[in-house]
Amino acid sequence: MDIRTGQGIDFHKLITGKPLWLGGINIPSDKGCLAHSDGDVLIHAICDALLGAAGMRDIGCYFPDSDEQYKNIDSKILLGKTLVLISEKGFSIINIDSTVCLEKPRLSEYIDRMRECLAGICSIEKSCISIKATTTETMGFAGRGEGLMAIANVLLKKKD
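Here is a short report on the structure shown in this document. Note that the coordinates shown come from a computational prediction; the quantities given were computed from them, not determined experimentally. (Residues numbered from 1 in each chain as written. Predicted model: local features only at pLDDT ≥ 70, side-chain atom pairs only at ≥ 80, totals over all residues. Heavy atoms only, no water.)

1. Focus: unusual backbone geometry
Point 1. Across the junction of Lys104 and Pro105, the peptide omega takes the value 5°, indicating a cis bond.
Point 2. Along the chain, Pro105 falls in the loop between β5 (91-101) and α4 (111-122).
Point 3. Located in the positive-phi region is Asn72, a residue other than glycine, with phi close to 60°.
Point 4. At Ser123, a residue that is not glycine, the phi angle is positive and equals roughly 55°.
Point 5. Inspection of the secondary structure puts Ser123 in the loop between α4 and β6 (129-134). (Helix = DSSP H or I, 4+ residues; strand = E, 2+ residues; numbered from the N terminus.)

Set out below in structure tokens:
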């Protein structure tokens, strides 16, 4: 069986007055991501991990921020399109492991909803998706509330 791993990472600046989208759901917050799309760093990191595992280029290559068709796009749509791209290469997801790093808001009460949302889009069991949240103990851009980041690792298998 052909098994592949992939890793993705994404960062966005946080600004007042924008919605905060993570893992496909809106998280109540006074700040959201400054981005060409909806700024969902978790989905963007997952897309990059999927593309990398399939031996493809990064999310910006397929969905460039210079293209107006992606302006304010829901990142769940980008994830769906990424799944089509990796499926065309013959791959399917075994599991996703990810971490979101931001100081606030606390994400623990939203993680199950994020997992359910992502599992539905990816057509995998919720148990195959791990989402963890951490802070930087007030250090750096995330600790100061200036931005956030997400890291994702995926395991893919080549379809028979």
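Following the structure, the description resumes.
2. As for the pattern of salt bridges
Opposite charge on two side chains permits pairing when their charged atoms draw close.
Point 1. With the rule as written, the count across this model stands at 7 salt bridges.
Point 2. Residues Lys132 and Asp97 are paired through a salt bridge, measuring 2.4 Å at the closest nitrogen-oxygen approach. With Lys132 in strand β6 and Asp97 in strand β5, this residue pair connects regions lying 35 residues apart in the sequence.
Point 3. The shortest N-O distance in the salt bridge between Asp112 and Arg115 comes to 3.3 Å. With a gap of 3 residues between them, Asp112 and Arg115 both fall in helix α4, about one helical turn apart.
Point 4. Asp112 gets classed as partly exposed once you look at its relative accessible area, which sits at 41%.
Point 5. Judged by relative accessible area, which is 18%, Arg115 ranks as buried.
Point 6. One connected set of salt bridges, linked through shared partners, spans Asp112, Arg115, Glu116 and Lys126. (Salt bridge = Lys/Arg side-chain N within 4 Å of Asp/Glu carboxyl O. Buried < 20%, exposed > 50% of the residue type's maximum accessible area, 1.4 Å probe, protein only.)

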